[in-house]
Amino acid sequence: MASADTHYYDFILKEANFTRLCSSKSMMVVNNSFPGPVIRVYKGDTVFVNVQNEGNYGLTIHWHGVKQLRNPWSDGPEYITQCAIQPGTNFTYEIIFSTEEGTLWWHAHSDWTRSSVHGAIIIYPRLGTTYPFPQPDEEEVIILGSWYKGDVNYLVAEGLQEGGALLVSDAHLINGQPGDFCNCSKEGTYRRVVDYGKTYLLRIVNAVMNVGMFFAIAQHNLTVVGMDGNYLKPIMTSYIVISPGQTMDVLLTANQPLGLYYMATREYDSTDQDYTEYDSTNTTAILEYKGNYTRSSHPVFPSVLPSFQDEDKADEFWHRLRSLPSHDHSVEVPKEITTRMFITVSMGRVSCRNDSCNGASLGDTSQKLKSSLNNISFVNSNTDVLSAYYWNLSGVYTDDFPDQPPTYFNFTGDDLPMNTTTPDYGTKAKVLRYNESVEVIFQGTNVLDTPETHPMHMHGYHFYVVGFGYGNFNPNVDPKGYNLVDPPQLNTFAVPRKGWVTIRFIANNPGVWYWHCHFDRHMSWGMNTCS
């Protein structure tokens, strides 16, 4: 077996000017690039990243999907494993790769700074081994992102103070560009030149802030072979749906007539069908074939790209996900469960002091929006939870995060009573015993008549998605349909709109690890906990 290597990177955080959608702004980026630099390693390597903050405010960086075995100190979420890296200071992260193989990513984990501070991580097979699919000719990183014309963190802070809905992006991005259909964007549209007959490994990252995305390439089939740093049984498809936080490895063979073809994304909006206040931009990049032919001024657009609220297409794709077991990539689903948790994911409202809010809805100045897990809306402490645990500091967190919601009701019903809408505040953690088998059922709700998907992300672990469905989870019926043979092993998966998802994992990574919805607006409102 080849020995693992150690790599070193320097990340310089500073403000830089960028122009999109006919206007310019200054924003925090790494090494003056947007998206940021790509980290490339082999399976089992270790990386040291020295982060020097030359910006105007503190932040941290998270290595999304890296298990960081017994190394929570370098996981990165602010308030959970460390305090912010303050301006004029530096912090060196040690990133320990173990079983991960494929594509992951890194991003800021403070406020909404990840909108501009993010980049891909590529983990190649260990030297002497190969992909479980034919070797591609080339590879390409495709990062889906969000663009806001204003100062994101200022606008978010203002929105949280006012208590209402938080800002919607002005456009989506492919590799930092909004594409042909957006104002002042044609010249900057991202292009990938390809050779006819070659196969390309697309490493797709959804760094979008608050929505899932559909993605397709005109007149080309895609073969999904990996997700979240794990391999999948190949899925041939004309489109994908990818939640914030997720990554996918996708094979593309350039086998169409020479020409220009759009790579396009469109938001998958999972809220109520009457809601229209989402980012409705069609974001594009161009796949351009090499060769002698007359270039059209109008590339072909993918007619198969699902519409904004096509829940059936999303569900169809999710149901096709299966792990690819092999000698080097075992699938070991926990069977004998020792801890079961049933966690409701909900929106809610809490009272504002002195009617100081613009309101959660309908101009109600007495209340503001919050979100919760099992009716607990997470509160960030002044001391990070990991330090408090390690040094046995009292008053920072409590270890009584509940295994069940306080009450059971028709979670996905319509017009739920008001007493289901008010969460409690707390900095609560769930304590797990080492090596126990854990099952978590995340149940979506229709509280406030605001159902939508919730991409739940777990730090420190990859979990098996053994089942998901719609309506209220039925403990007597739904477990009979669990896939305990080859379920996908992921670090992020969306709880369906008005539905549920069941995950399983072995608690074999000591530390303090964050669990949260990867919609940043929900995380800002408190849809988080840790274990």
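So, here's what we can say about the structure. (Residues numbered from 1 in each chain as written. Predicted model: local features only at pLDDT ≥ 70, side-chain atom pairs only at ≥ 80, totals over all residues. Heavy atoms only, no water.)

1. Details of helix α1 (residues 152–162)
Moving on, step 1. Within α1 the residues assigned to the buried category are V152, N153, V156 and G159. Projected down its long axis, α1 shows its buried positions confined to an angular sector of 125°, all on one face. In α1, those exposed residues whose orientation departs by more than 90 degrees from the buried face are Y154 and Q161.
Moving on, step 2. Those residues of α1 that are buried lie in contact with β2 (23–30).
Moving on, step 3. Capping the start of α1, D151 holds a side-chain oxygen 3.3 Å from the backbone nitrogen of N153, two or three residues further along. (Buried < 20%, exposed > 50% of the residue type's maximum accessible area, 1.4 Å probe, protein only. Helix = DSSP H or I, 4+ residues; strand = E, 2+ residues; numbered from the N terminus. Arc of directions from axis to C-beta. Contact = heavy atoms within 4.5 Å. Polar contact = N/O pair within 3.5 Å; in protein donor to acceptor, adjacent residues only side chain to side chain.)

2. Let's talk about the sheet that holds strand β8 (residues 118–124)
Moving on, step 1. A sheet is described by the order of its strands in space; here four strands give the open sequence β3-β8-β7-β5, paired in mixed fashion. Strand pairing shows two members of the sheet lacking a second neighbour, β3 (39–42) and β5 (61–64), which therefore form its edges. Ignoring which end each strand starts from, the neighbouring axes of this sheet average 20° apart.
Moving on, step 2. Pairing of strand β7 (residues 102–108) with β8, which is carried by six bridges, proceeds in the antiparallel orientation. Pairing of W106 across the sheet is with G119, part of β8. (Pairing = 2+ DSSP bridges. Axes fitted to C-alpha atoms, helices over the stretch in contact; angles between N-to-C directions.)

3. Quick word on the state of the cysteines
Moving on, step 1. Evaluation of the coordinates by the stated rule reveals one disulfide.
Moving on, step 2. Covalently, C22 is tied to C184 through a disulfide, its sulfur atoms 1.9 Å apart. In this structure, the disulfide formed by C22 and C184 twists by about 95° around the S-S bond and is classed as right-handed. Taken together, the residues span a long stretch of sequence, with C22 in the loop between β1 (6–20) and β2 and C184 in the loop between β10 (171–174) and β11 (191–194) at a distance of 162 residues.
Moving on, step 3. Owing to a relative accessible area of 46%, C22 belongs among the partly exposed residues under this scheme.
Moving on, step 4. Taking relative accessible area as the criterion, C184 reaches 61% and is therefore assigned exposed.
Moving on, step 5. No disulfide involves C517; its sulfur sits 16 Å from that of C530, the nearest cysteine.
Moving on, step 6. On the basis of relative accessibility, which here comes to 0%, the residue C517 falls in the buried class.
Moving on, step 7. C530 carries a free sulfur, and the closest cysteine sulfur to it, the one in C83, is 14 Å from it.
Moving on, step 8. For C530, a relative accessible area of 1% puts it in the buried group. (Disulfide = S-S within 2.5 Å.)

4. So, the pairing of β8
Moving on, step 1. Of all seven residues making up β8, seven are buried, and the element is well covered by its neighbours.
Moving on, step 2. Here β3 runs beside β8; their pairing, made up of four bridges, is parallel. From the neighbouring strand, R40 faces β8, where its bridge partner is I122.

5. Section: the sheet that holds strand β16 (residues 240–242)
Within a sheet, neighbouring strands are paired by backbone hydrogen bonds and run either parallel or antiparallel to one another.
Moving on, step 1. Reading across the sheet, the five strands line up as β11-β19-β18-β13-β16 and stay open at both edges, with mixed pairing between neighbours. Each edge of the open sheet carries a strand with a single partner, namely β11 and β16. When strand polarity is set aside, the average angle formed by the axes of neighbouring strands in this sheet is 25°.
Moving on, step 2. Here six bridges tie strand β18 (residues 260–268) to strand β19 (residues 283–289), and the two strands are oriented antiparallel to one another. Paired with T265 across the strands is T283, a residue of β19.
Moving on, step 3. Contacts from helix α2 (residues 311–318) reach β13 (212–217), β16 and β18 within the one sheet, and its direction differs from that of β16 by about 90°.

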